[in-house]
Structures are given as C-alpha cells and as structure tokens.
Amino acid sequence: MTNTKRGFTLIELIMVVAIIGLIVSIVLSSLSTARQRGNDTARIQSVHQVQSALQLYSTSNNGTFPPNDQATLADYLVNGSKRYIGSIDPRIVYKGTDINNNSCSMPSGCASYHLGIPLIGLDNKALTTDKDMVTGVFDGTKDDCTSTGPTSKPDKCFDITP
C-alpha cells in the first residue's frame with residue numbers, strides 16, 4: 001500500500017516563507033525611497049513658494065527684500081501689513097543679502113537674499129542645480145544650511161537666490 005499523504009514538506013514551507021520575506025523587504029525599501037523623494041519634493045516646493053512670496057514682497061517694497069534671517073521672515077511675509085504667504089516651513093533657512101551677497105540686516109530692506117532648506121536624500125537632482133553659496137551663517141554647502149552643520153558630497157542643502 002502506498003502512502004498518499006498530501007501536504008508540503010518542511011523545506012518547501014521554509015522556502016515559501018523566505019521568498020515572501022524577500023519580496024516584502026524589497027517592497028518596503030521601495031516605499032521608503034518613494035516617501036523620501038516625496039518629502040524632498042515638498043520641501044523644494046515650499047522653498048519655491050517662499051521665493052514667489054519674496055518676489056511679491058519686493059514688488060510692493062521698491063525692489064527690496066526683507067532683512068535679517070528666517071526668524072523674522074514670517075514677520076514680513078505672513079504677519080506683516082500685507083500677507084504674501086499663508087505660512088513658512090520652519091526648516092527653511094533665509095538670509096537677506098546686499099548686492100555682493102554679504103549678510104544684510106538693514107531695516108530699509110536688502111538688495112537680494114539667500115534661501116534654502118535641508119533635504120533628506122543625496123540623490124535628488126535639484127542638488128546639482130542649486131547655488132551652494134555661503135552668506136554669513138547661511139552655508140549652502142552644509143547639510144543643514146548653516147555654517148556649523150556637517151557636510152556630505154553632494155551637500156543636502158537646496159539653496160537658491162533670486
């Protein structure tokens with residue numbers, strides 16, 4: 001009489017579990033990368049929105065930009081007599097500059113500005129087209145956009161000027 005037991009052997013079950021585990025790890029890795037790129041895209045978009053608000057501010061203020069840094073930027077763009085933007089991402093780094101890209105804190109306004117935000121990933125193509133400038137404590141070559149931050153190659157600071 002022959003043994004007609006049906007079912008899987010232990011080796012077959014272990015192989016199926018291992019393959020499912022491998023597939024799950026690949027999918028989770030892809031989702032993590034997609035989330036990182038989505039966050040970086042949102043941060044870049046946030047910088048461009050502030051840049052548009054700064055252009056509107058400049059048009060209303062004889063071609064000048066707000067002085068100082070990101071701590072007072074909201075006072076000019078969000079809480080001022082005119083509202084140029086709804087809110088500002090707190091991770092944005094801003095520095096008003098003069099015509100030679102030196103730090104500017106003149107109450108009457110600055111000739112230019114330096115604006116940036118730290119990104120999460122190093123593989124973002126936007127990092128190859130940014131300015132990578134240094135303006136006072138604002139350092140576009142550092143990962144966190146400040147002169148005290150660490151540096152990777154390329155840096156993680158997406159920074160722009162007008």
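Our subject is the structure that appears above.
Note that the structure is predicted; figures quoted are calculated from it, not measured.

Caption draft 1: Spotlight on the state of the cysteines. By the definition in use, this model includes two disulfides. Here Cys 104 is linked by a disulfide to Cys 110, with a sulfur-sulfur distance of 2.2 Å. Because the sign of the S-S torsion sets the handedness, a value of about -90 degrees for the bond joining Cys 104 and Cys 110 places this disulfide among the left-handed ones. In this structure, Cys 104 and Cys 110 share a single accessibility class: buried. Each disulfide pairs two cysteine sulfurs, and for Cys 145 the partner residue is Cys 157, the sulfurs being separated by 2.1 Å.

Caption draft 2: Just the sheet that holds strand S5 (residues 157-160), in detail. Spatially, the three strands line up as an open sheet ordered S1-S2-S5, and their pairing is antiparallel. Of all strands in the sheet, those bounded by a partner on one side alone are strand S1 (93-97) and S5. Strand-to-strand, the axes of this sheet are offset by a mean angle of 15 degrees, without reference to chain direction. As defined by bridge partners, strand S2 (residues 112-118) adjoins S5 across four bridges and the pair is classed as antiparallel. Within S5, the position partnered with Ile 117 by the bridge is Phe 158.

Rules and cut-offs
Residues numbered from 1 in each chain as written. Predicted model: local features only at pLDDT ≥ 70, side-chain atom pairs only at ≥ 80, totals over all residues. Heavy atoms only, no water. Disulfide = S-S within 2.5 Å. Buried < 20%, exposed > 50% of the residue type's maximum accessible area, 1.4 Å probe, protein only. Pairing = 2+ DSSP bridges. Helix = DSSP H or I, 4+ residues; strand = E, 2+ residues; numbered from the N terminus. Axes fitted to C-alpha atoms, helices over the stretch in contact; angles between N-to-C directions.

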